[in-house]
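Overview (structure and organization)
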Amino acid sequence: VRGDHTLRISGVAGSDTAGPEDLIYADSPRHADRAAKSGAACALVSPDVALPGKTLLVVSHPKLAFAKAAAWLLPGPHIAAGIHATAVIAPSARLAAEVAVGPYAVIEDAVEIGAGTQIGAFCFVGAKSRIGERCLLYPRVTLYAAARLGSRVILHSGVVIGSDGFGYVPGEGRQWKFPQVGGVEIGDDVEIGSNTTVDRGSLGTTRIESGAKLDNLVQVGHNVRIGENTVIAAMVGISGSTSVGRDVVMAGQVGIADHCTIGDRAVLAARTAVLTGKNVPAGQMVWGIPSRPYEKVREQVVWLARLPELAARVERLEKSREGK
Amino acid sequence: VRGDHTLRISGVAGSDTAGPEDLIYADSPRHADRAAKSGAACALVSPDVALPGKTLLVVSHPKLAFAKAAAWLLPGPHIAAGIHATAVIAPSARLAAEVAVGPYAVIEDAVEIGAGTQIGAFCFVGAKSRIGERCLLYPRVTLYAAARLGSRVILHSGVVIGSDGFGYVPGEGRQWKFPQVGGVEIGDDVEIGSNTTVDRGSLGTTRIESGAKLDNLVQVGHNVRIGENTVIAAMVGISGSTSVGRDVVMAGQVGIADHCTIGDRAVLAARTAVLTGKNVPAGQMVWGIPSRPYEKVREQVVWLARLPELAARVERLEKSREGK
Amino acid sequence: VRGDHTLRISGVAGSDTAGPEDLIYADSPRHADRAAKSGAACALVSPDVALPGKTLLVVSHPKLAFAKAAAWLLPGPHIAAGIHATAVIAPSARLAAEVAVGPYAVIEDAVEIGAGTQIGAFCFVGAKSRIGERCLLYPRVTLYAAARLGSRVILHSGVVIGSDGFGYVPGEGRQWKFPQVGGVEIGDDVEIGSNTTVDRGSLGTTRIESGAKLDNLVQVGHNVRIGENTVIAAMVGISGSTSVGRDVVMAGQVGIADHCTIGDRAVLAARTAVLTGKNVPAGQMVWGIPSRPYEKVREQVVWLARLPELAARVERLEKSREGK
């Protein structure tokens, strides 16, 4: 700490809107100017940032420290308090201590919910589902029967966990529904964004492992596995039986067909399409339709833009040959 | 049947997780090894599969037989039983025999619901809607006013049927809403996945014909027609007034612009984009942006990857010409 | 008016389904034939359209006039009437005159709702939210805490406003949640389609300005700004901190990465992808992955289709050179 050790900090804010009791952060000299003009009295900064007149908490990774400070300073989300009188809870459901359930939530038979979990209004928790401790289900989440969530899972409004996967067998002039009766298991510390859908397994199990983060409007097909700490941006679609490793990063609108394998720490740039059965090696960054190593696709893109010019050059060569 | 005719079968499972009373299937010698190690005592197999020690039901299409067996062996989905006391049902609504309505469902004026249909918790059935027999509306489905569903329709959680289409007329510096007051009609045996949206017609009608299957997070615009038994994977978007034939297959993330015609039995590979007003001939497989015959696009993709190399060859030719 | 000034008009319809009291429109001689055969007695037409036997209202822009006439002739949407007995409304919420609230809606503490607004069944209005006058929230809309809507806003079923943005800071082998505690503000006359998601700001504010129209299944990330009267078709995704100008048009399935700037009146053709940090100049029409001026991409597309042929021409040139 450089400056006033007695400052009172009560919240966090961006530099532009911070008041005197808000903590801000600046992780590079580029942001120092904005931070210097802030109403905040105290900032988390990297060693190369100077902010005259402010109290500084110098750390190696200010943004990370800011995220941790925010989790500590800000009140946790308030989704429900106590068990609302209108909640419909089956007598066979077992709710641990300090579980809160909002208005009009429905909790079916033989559900188990761990201590401190908050279930929002209009949530539907299907029979035999198991939810760990200190989870947050925002209003209007659906868990189909027998879904399993670990602890500290956050599900945003409109999420559907455990709906039927998409599988039909064509025959005799119609589509016959293949059984979609497998499981769906979600580890600890997973967060899933609004209106995202996660299908249950057909005969096996769909798994999202601990620490994975999914943005809004993502689709996870039946029997998919998503590894630990993998981060998946909005509107990504992952088809059936695909296995995604740990610490993978997928940017927005990526699509992965069925039966693919995405290695640990792979990075899929925005809008990448991985075709059926393909693998992305561990640690590789890919892009394009179909997916290829990122640098190759960048080169393609450059040449694609010059394609009319290249065609003109070929034409000149042809004319010159004919001219001989 | 080859083997024990007296075996008791009570369920279905995948080879890896099956118990002695579960039925499994193996439709090629490739899967025989896994099936042979299974705990199941009985398997549906094609004539070329041998599984020593197991009772075999030899059929020409084991996966199809398995799907049919599952429908017969497994209990149907249990969404609601009886009419829950908290359901809000307009006095003018007519519910046939054995209709079940879950907690907090809302059924508005002049709705008609056929025998054996189950309506889940938090479903909203708008005024004058008609629902056929033995439909399954999972919790949290919305039907806007005057939606029409056939029989044995399955709608998963979060589905919205009959919302306003997207139509505005620009003028005088703003966007004026074009009327979205048409109908929406869904045939028999249609299944629609979680969080999929189907808009009503603007002045005409949006139609999804019998046997069509839509996956999660699909968007169907106003006045669209989707033909019988057509299968549409997740995240496909179909814009206004497009007509899709019967037995069409669309892979994930396909987009079809407005006023297109997709012929019967066409196949659209993943991420295909059909531009405004274009047609895809009956039976054709297409891919790419914009959509073209699949084989042409494959060839393009190969050449696109070699584009830097092609450019280098052109450069060599130019140098060689200059060098003369 | 040409024809019978005493005709009674009670509704609007398409030419094919209109009855004698319905108003239709025909904005070009191309549509005159269909309009002439219509059961309607009266049509809004442009000066170049003749429909013998029908009463004509001749205007310069028939479709615009039709949209206005429809708004005037058709009854407004009926979402709720009065305050339903089952609605859970916090005592500290302030509802203005003629606010209607449907069954099982939940309105939390310190919410303010303007006159004439209709809140559908199962809507959740989080604490401290402010909603203007004459808004329509169809059944099953979620507003997280402190969302702000202007007047005459229409939100369709499944919309989520104010969910957490997608921001994590990697460190110590896990993803730490960056605070998502900013605001979300929506102007007047905004319409948002079914199952669309709009995240709140992380520290700043997500803004959708007056007159903007968003279709179904759109994703708006944290801290995004969308300008006045901008029109965004289905399945568009806009990543964090991107700024979109006014009167912009985006076709379906467009994706815009984070920190981009889209100028006023720009047009983004279907499936365009704008890469991180890129700008689209005001008034420009763009297409492609990555986005480039529309005409350039069209030229690319043409050459891409001819790429195998171009490669063959290069090969002929090479052979001819070797043959010398």
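None of the values given here were measured: they were computed from a predicted structure.

Side note on the confidence of the model for chain A
- On average, residues of chain A carry a pLDDT of 96, and 100% of them reach 70 or more.
- Taken together, the chains of this predicted complex give a pTM of 0.97 and an interface ipTM of 0.96.

Some thoughts on the side chain of H156 of chain B
- Tracing the backbone through its elements, the reader meets H156 of chain B in the loop between β16 (154-155) and β17 (160-163).
- Its relative accessible area of 1% is what places H156 of chain B among the buried residues.
- In this view, H156 of chain B contacts Y144, S163 and D164 of chain A together with Y138, V141, E191, I192, G193 and S194 of chain B; residues no more than four positions away in its chain are not counted.

Topic: the side chain of S194 of chain B
- Its place among the elements puts S194 of chain B in the loop between β21 (191-192) and β22 (197-199).
- Once residues within four sequence positions are removed from consideration, S194 of chain B is found in contact with V160, S163 and T197 of chain A together with H156, S157, N216 and L217 of chain B.

A few points about the relation of the copies chain A and chain B
- Laying chain A over chain B is done by rotating through 120° and shifting 0.0 Å along the axis; what remains is an RMSD of 0.1 Å. Taken together, the rotation angle and the small translation identify this as a three-fold axis.

Remarks on unusual backbone geometry
Residues and elements named next belong to chain A.
- I289 connects to P290 through a cis peptide bond whose omega is -5°.
- Tracing the chain through its elements places P290 in the loop between β36 (285-287) and β37 (292-293).
- Positive phi values are uncommon outside glycine, yet L217 reaches one of about 55°.
- By secondary structure assignment, the location of L217 is in the loop between β24 (213-214) and β25 (219-220).
- The class for L217 is buried, based on a relative accessible area of 3%.

Quick word on helix α2 (residues 62-73) of chain B
- Look at α2 of chain B: 16 Å from first C-alpha to last across 12 residues, which is about the 16 Å you get at 1.5 Å a residue.
- All of the buried residues along α2 of chain B are P62, L64, F66, A67, A69, A70 and L73 of chain B.
- Residues of α2 of chain B that are buried sit in contact with β18 (168-171) and β19 (174-177) of chain A together with β1 (11-12), β2 (22-26) and β3 (42-45) of chain B.

Concerning the interface of chain A and chain B
- Opposite the 65 residues of chain A that make contact, chain B presents 54 residues.
- For the interface between chain A and chain B, the tally reads 3 salt bridges.
- Between K68 of chain B and E172 of chain A there is a salt bridge whose closest N-O contact spans 2.6 Å.
- Scanning the region where chain A abuts chain B turns up 23 residue pairs in polar contact (both at pLDDT 80 or more).
- Where the side of chain A that touches chain B is concerned, the elements lending two or more residues are β17 (160-163), β18, β19, β22 (197-199), α3 (294-305) and α4 (307-323) of chain A.
- If you tally residues by element for the side of chain A that touches chain B, the top one is α4 of chain A, at 7 residues.
- When the residues that make up the side of chain A that touches chain B are grouped by side-chain class, the tally is 36 nonpolar, 17 polar and 12 charged.

Rules behind the numbers
Residues numbered from 1 in each chain as written. Chains lettered and ligands numbered in written order. Predicted model: local features only at pLDDT ≥ 70, side-chain atom pairs only at ≥ 80, totals over all residues. Heavy atoms only, no water. pLDDT = per-residue confidence, 0-100. Helix = DSSP H or I, 4+ residues; strand = E, 2+ residues; numbered from the N terminus. Buried < 20%, exposed > 50% of the residue type's maximum accessible area, 1.4 Å probe, protein only. Contact = heavy atoms within 4.5 Å. Least-squares fit on C-alpha atoms with pLDDT ≥ 70 in both. Expected span 1.5 Å × (residues − 1). Salt bridge = Lys/Arg side-chain N within 4 Å of Asp/Glu carboxyl O. Polar contact = N/O pair within 3.5 Å; in protein donor to acceptor, adjacent residues only side chain to side chain. Nonpolar A, V, L, I, M, F, W, Y, C, P; charged D, E, K, R; others polar.

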